[in-house]
Amino acid sequence: MASRVAPFFRASGWKSPGLRVTSFLLVTQPALPFSAVHFRTLCRTQVARSLDVMPAGATKPSRGVLSLDPAPWSPEAFRRLEALLEEPVDERPGFRPVAAFDADGTLWGGDAFDAFTQVLVREGKLGADATAQAGQSYADSKGDARRAALAGCTKLLEGLTLEEIQDAAYKAWGTYEERGLKDTVFWGMADLIAALQSRGWRTVLVTASPAASVIAGAEAMGISEGDIFGIRLAVDDRGRTTGEMHPSMPVSWNEGKPEALRAAGLGGRVMFAAGNSIDDVPMLLMAKQERLMITSAAADGALVGESESTALLRKVGRL
């Protein structure tokens, strides 16, 4: 049964056993078999891309603006998102509004880094024990220790080429296989991205994973490689990763997410942001219009303002 996104003003008393929303809108999103998601998203993003290359001053054809499917959303969430989509968009270079999305747990239900490293383990390119240890260190880390854990995960990839890493990412996604991360896509989120793109919004993906590990999922959502803000891997003169993070990109975790967006000159243009954990809150708080928080730990949903976000996350056990 399809779950519904559950934004809620406190007076409503709405309850859900699944995910939830804040504006922090707080949400449940169902996964849809990727065949349907892929078809819808590809069709819609082709329209969005065509709008991006229109001559300056040209008028968009009305048929190019895609409606948001109400099916996965509660009435209140749908109303809020529809209002956001109806806002006028200035498509001049440097003025387009930006919608920033976290990846794992926000756009799909799986973990892209774990999935693609498991592909590399199966292919004998990573050691199983070292991979498991790095993953456990990351899971156990808190606060500033998580930056060190991220560095440890990056170190795993030393000696691999970017082509090998991206190939593993496509395999993990399920590009060449019958099943993969594609089967965990939250189709309401894919639909929202497509609707934003069709109206001229710039959609970007911001993740603490290596950018190369999420490229397949980003492309499926119509998000270009240049709009992925993730850990950049340093490469030596032989084209192999050094196991270090490239200094050109801030570590895109927690406070590093808005830092990465500001470094790209997008800070003042982020109007919408979506995430699923306390580590996404700094990015969500920079959004000027709406913020969508997705969490599987919550039992009810709430639409809250900035001042209430910390209390809400503490209540649902995410802080």
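Placed above this text is the structure.
Residues numbered from 1 in each chain as written. Predicted model: local features only at pLDDT ≥ 70, side-chain atom pairs only at ≥ 80, totals over all residues. Heavy atoms only, no water.

A. The arrangement of the overall build of the protein in detail. Regarding its fold elements, the protein presents 11 helices and nine strands. When contacts within the protein are restricted to residue pairs at least 6 apart in sequence, long-range pairs at least 24 apart make up 70% of them. Of the roughly 14000 Å² that the protein leaves accessible, carbon and sulfur atoms contribute 53%. (Helix = DSSP H or I, 4+ residues; strand = E, 2+ residues; numbered from the N terminus. Contact = heavy atoms within 4.5 Å. Areas by Shrake-Rupley, 256 points an atom, 1.4 Å probe, with all protein chains shown as cover.)

B. The arrangement of the pattern of salt bridges in detail. If you walk through the whole model with that rule in mind, you get 14 salt bridges. K257 is the salt-bridge partner of D102, the closest N and O atoms lying 2.9 Å from each other. One end of the pair, D102, is in the loop between β3 (98-101) and α3 (112-122); the other, K257, is in helix α9 (residues 256-263), and 155 residues separate them in sequence. Taking the relative accessible area as the measure of exposure, D102 reaches 6% and is therefore buried. The salt bridge involving R202 is made with D227; its shortest N-O contact spans 2.5 Å. Of the two residues, R202 is situated in strand β4 (residues 202-210) and D227 in the loop between α8 (215-220) and β5 (228-231); the sequence distance between them amounts to 25 residues. (Salt bridge = Lys/Arg side-chain N within 4 Å of Asp/Glu carboxyl O. Buried < 20%, exposed > 50% of the residue type's maximum accessible area, 1.4 Å probe, protein only.)

C. Region of the structure containing the environment of S137. The topology assignment puts S137 in helix α4 (residues 128-140). According to the relative accessible area criterion, S137 is partly exposed, its value standing at 39%. It is 9.0 Å that separates the C-alpha atoms of S137 and L150, two residues lying 13 residues apart in sequence.

D. View of the environment of M189. One can find M189 in helix α7 (residues 187-198). Residues M189 and M221, spaced 32 residues apart in sequence, show a C-alpha to C-alpha distance of 9.1 Å.

E. Geometry of the environment of W73. Structurally, W73 can be placed in the loop between α1 (34-52) and α2 (75-85). By relative accessible area, W73 is classed as buried at 1%.

F. Seen up close, the side chain of D227. Under the relative-accessibility criterion, D227 is labelled buried at 13%. If we skip the residues at most four places from it in the chain, D227 touches R202, T203, V204 and L205.

G. Summary view of the pairing of β3. Here β3 shows no split at all, with V98 and A100 on one side and A99 and F101 on the other all buried. With four bridges connecting them, β3 and strand β8 (residues 270-275) associate as parallel partners. Along β8, the bridge assignment pairs V98 with V270. (Pairing = 2+ DSSP bridges.)

H. Highlighting the nonpolar core. By size, the foremost hydrophobic cluster in this structure holds 40 residues, and its most contacted members are F101, W108, M189, L205 and F272. Elements supplying a minimum of two residues to this core: α2, β3, α6 (162-173), α7, α8, β8 and β9 (290-295). Here this core takes six residues from α7, the largest share from any one element. If we skip the residues at most four places from it in the chain, L205 touches F101, A103, L107, W108, V214, A218, I223, D227, I228 and F229. If you look at the next biggest cluster of nonpolar residues, it comprises 20 residues, including A134, A212, I231 and L233. (Core = buried A, V, L, I, M, F, W, Y, C linked by side-chain atoms within 4.5 Å.)

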